[in-house]
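Here is how the chains run, residue by residue.
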Amino acid sequence: MKIQKTELAAKLNKIKGVVPKKGTNAVLHNVLVKDGYLIASDMAMTVKAKLAGDGQETFLIPERAFDLIENLPKGEVEISAGRDNTIEIRADKIKNSYDTMDPLMFPKINDLEEGEELTVDATVLLESIKRVAYAIPAQATNSILTAMYLCAEDGQLNFVGTDAHVLAWDTVAFDGNLKLLIPKNTVDKLKSLGLSGEVQIRHNKSQAVFITKEYEIYTRLIEGEYLRYQGMFRELPIHTVASRAGLLDAMTRAKMCTEERSPVRFDLQGERLDLSIKDRTTDYHETVDLQECLSEPLTIGFDAKLVLETLKAFECDNVGISFDSPKMPMIIEAEDSDFKVIVLPVVLN
């Protein structure tokens, strides 16, 4: 195989995170080169990256060769398979060989020829995924919570994530039907690949694949029924509008003044929000101006980190903020999209 170093290193960097750090299946600690693709797998997820180089050889690149490839000089790289499961890497005046494994030992990929499929624009897909992904935990006692719910119905495509403390929901217009529970590690990989063009999604009951001109991402799906999230978003009686950047900056300053997990206190009245954080060493106060007068005063507490992460998930200039009572969740809504988030309150001392 002959290929430009920049092309090979860039694609390898995109997919090498899939290679498991531990595990008894040693062949998975390699990247497979086959049919013009780089292929990495941890069994639950497999990512294929299309290469621009020539050649149709099949061989394995061992994990210990990744750093060498990254640090080769610019120009053409030649990788060839040798006898007894070895490969040789040549570039400029550099030559090195590695012991590897039989590529036939690498797990085969189910191409999902049977099942349903639909197509969505990559920009639309990634924008919504990035908004809700922060709300999906890496681990949870309920496996459903470690998934993004991708649901197409009634003329819209829904993206939902929750850790039971925040619930993020984004929608875009879409004609189709789909219900998938996509694991968080697959969601994170979709975010990082930089997909472009159209994304074809094929799926059956247990697996799905996302296909573009450059990548194919195969993933197992999480089984189960997602929570009924739509009814949780209702119109609340206490409403205002705030500058997202202004509130985000205030929350950032407040949070950096404490090393403890102290809640942030919101005292809302009229057209002002007085936020404060207090612990053993800090007593921080800041006033944020609001753009709409509140119908009634309210004091409520939140996990400061959750509020901060939620505000970062929005990209609009202003956000709508709604409340009901000190024991009921806050709803934050974007001014330029259908993105909205529920944030549960905490008890203030």
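Predicted, not measured: the structure shown is a model, and the values here were computed from it.

A. Spatial organisation of the nonpolar core. Ranked by internal contacts, the top residues of the largest apolar core, which has 98 residues, are Leu38, Ile61, Met251, Phe266 and Leu275. For this core, the leading source of residues is helix α6 (residues 304-313), giving six residues. Excluding its chain neighbours within four sequence positions, the residues that come into contact with Leu38 are Leu8, Lys11, Leu12, Ile15, Val31, Leu32, Val33, Val47, Lys48, Ala49, Leu51 and Ile61.

B. Layout of the packing of aromatic side chains. This model, assessed by the stated rule, comprises seven aromatic pairs. Ring plane angle 15° and centroid distance 4.8 Å describe the contact between Tyr149 and Tyr226, whose orientation is recorded as stacked. Separated by 77 residues along the polypeptide, Tyr149 in strand β10 (residues 147-153) and Tyr226 in the loop between β16 (215-220) and β17 (238-243) bring together distant segments of the chain. On the accessibility criterion, Tyr149 (9% relative accessible area) is buried. Within the aromatic cluster, the residues linked to one another by ring pairs are Tyr149, Trp169, Tyr226, Tyr229 and Phe233. Across from the ring centre of Tyr37, 4.5 Å away, lies the NZ or CZ of Lys48, which sits over that ring. Taking NZ or CZ as reference, Lys340 lies 5.2 Å from the ring centre of Trp169, over its face.

C. Spatial organisation of the environment of Asn142. Checked against the element boundaries, Asn142 lands in the loop between α3 (122-132) and β10. Residue classification places Asn142 among the partly exposed residues on the basis of a relative accessible area of 38%. Of note is the side chain of Asn142, whose polar atom sits 3.0 Å from the backbone nitrogen of Ile144.

D. Molecular detail of the sheet that holds strand β20 (residues 283-289). The four strands are arranged β20-β19-β18-β21 in an open sheet whose pairing can be described as antiparallel. Here the strands that pair on one side only, and so sit at the sheet edges, are β20 and β21 (298-303). On average, each strand axis in the sheet is inclined to that of its neighbour by 20°, with strand direction left out of account. Strand direction decides the pairing type here: strand β19 (residues 272-278) and β20, joined by seven bridges, are antiparallel. Across the sheet, Leu273 pairs through a bridge with Val288, a residue of β20.

E. Inspection of the sheet that holds β10 at higher detail. Taken in spatial order, the eight strands make up an open sheet running β13-β10-β11-β12-β24-β23-β22-β17, and their pairing is antiparallel. The open sheet has two free edges, formed respectively by β13 (178-183) and β17, since each of these has just one partner strand. Ignoring strand direction, the axes of neighbouring strands in this sheet form an average angle of 20°. In this structure, β17 lies alongside strand β22 (residues 318-323), joined through six bridges in antiparallel fashion. By the bridge assignment for β22, Ile238 is matched with Phe323. Contacts from α3 reach β10, β11 (156-162) and β12 (166-173) within the one sheet, and its direction differs from that of β12 by about 165°.

F. Spotlight on the side chain of Asn318. Assignment of secondary structure puts Asn318 in strand β22. Exposure remark for Asn318: the relative accessible area of 18% places this residue in the buried category. A distance of 2.8 Å separates a polar atom in the side chain of Asn318 from a polar atom in the side chain of Gln291. Those residues in contact with Asn318 that sit more than four places away from it in its chain are Val241, Ala242, Ser243, Arg244, Gln291, Glu333, Ala334 and Glu335.

G. A look at the packing of α3 against helix α4 (residues 184-192). Look at α3 against α4: their axes get within 10 Å of each other, and the N-to-C directions meet at 130°. Of the possible angle classes, the one that applies to α3 and α4 is oblique. Remark: the crossing between α3 and α4 carries left-handed chirality. Judged by residue contacts, Leu126, Ile129 and Lys130 of α3 engage Val187, Leu190 and Lys191 from α4. Taken together, the residues of the contact of α3 with α4 break down into four nonpolar, no polar and two charged.

H. Region of interest: the pairing of strand β14 (residues 198-203). Across the two faces of β14 the burial differs, with Val199, Ile201 and His203 buried and Glu198, Gln200 and Arg202 not buried at all. For strand β9 (residues 116-121) and β14, the ladder comprises six bridges, and the chain directions are antiparallel. Note on β14: the bridge partner recorded for Glu116 is His203. As paired strands, β14 and strand β15 (residues 207-211) are joined by four bridges and run antiparallel to one another. Of the residues in β15, the one forming a bridge with His203 is Ala208. Counting the residues that bridge the hairpin from β14 to β15 gives three residues.

I. Structural context of a negative patch on the surface. A grouping of Asp121, Glu127, Glu198, Glu315, Asp317, Glu335 and Asp336 is seen on the molecular surface, where their side chains present a negatively charged patch. We classify Glu127 as partly exposed; its relative accessible area is 42%.

What counts, and where the lines are drawn
- Sequence positions are assigned chain by chain, starting from 1 and proceeding in written order.
- The model is predicted, so local features are restricted to residues of pLDDT at least 70 and side-chain atom pairs to those at 80 or more, both for listing and for counting; the totals for chains, interfaces and linings are taken over all residues.
- Side-chain measures here rest on the full set of heavy atoms in the structure, leaving out hydrogens and waters.
- Only buried residues count toward a nonpolar core. Its members are Ala, Val, Leu, Ile, Met, Phe, Trp, Tyr and Cys residues joined through side-chain atoms within 4.5 Å.
- Each residue gets one of three labels from its accessible area relative to the maximum for its type: buried under 20%, exposed over 50%, partly exposed in between, using a 1.4 Å probe on protein chains only.
- What counts as a helix is a DSSP run of H or I of at least four residues, what counts as a strand is a run of E of at least two, and both are numbered from the N terminus.
- By the convention used here, residues are in contact when the closest approach between their heavy atoms is within 4.5 Å.
- Geometry of aromatic contacts follows a simple scheme: Phe, Tyr and Trp rings, the Trp one being its six-membered ring, pair when their centres are within 6.5 Å, and the pair is stacked under 30 degrees between planes, edge-to-face over 60, tilted otherwise.
- Either the NZ atom of lysine or the CZ atom of arginine qualifies as a charge over a ring when it sits within 6 Å of the ring centre and within 35 degrees of the ring normal.
- Think of a polar contact as two N or O atoms within 3.5 Å of one another; within protein, one of them needs to be a possible hydrogen donor and the other a possible acceptor, and neighboring residues in sequence only count if both atoms come from side chains.
- A pair of strands counts as paired when DSSP detects no fewer than two bridges linking them.
- Lines fitted to C-alpha atoms define the axes here, with helix axes fitted over just the stretch in contact, and angles between the N-to-C directions of these axes take values from 0 to 180 degrees.
- Should an angle lie under 35 degrees it is considered roughly parallel, over 145 roughly antiparallel, and from 65 to 115 roughly perpendicular; all remaining angles are considered oblique.
- Each crossing gets its handedness from the near helix: less than a right angle anticlockwise from the far helix is left-handed, clockwise is right-handed.
- Three categories are distinguished: nonpolar for Ala, Val, Leu, Ile, Met, Phe, Trp, Tyr, Cys and Pro, charged for Asp, Glu, Lys and Arg, and polar for the others, with Gly belonging to the last.
- Patch definition: residues above 30% relative accessible area lacking any salt bridge, with like charges linked at up to 9 Å and the nonpolar side chains Val, Leu, Ile, Met, Phe, Trp and Tyr linked at up to 5 Å.
- Reported accessibility uses the Shrake-Rupley method at a 1.4 Å probe radius. Residues are deemed covered only where the shown protein chains occlude them.
- The working definition used for a salt bridge is a side-chain nitrogen of Lys or Arg within 4 Å of a carboxyl oxygen of Asp or Glu.
- Only four residue types enter the charge count: Lys and Arg as positive, Asp and Glu as negative, with His and the chain ends excluded.
- Charge positions are represented by NZ for Lys, CZ for Arg, CG for Asp and CD for Glu.

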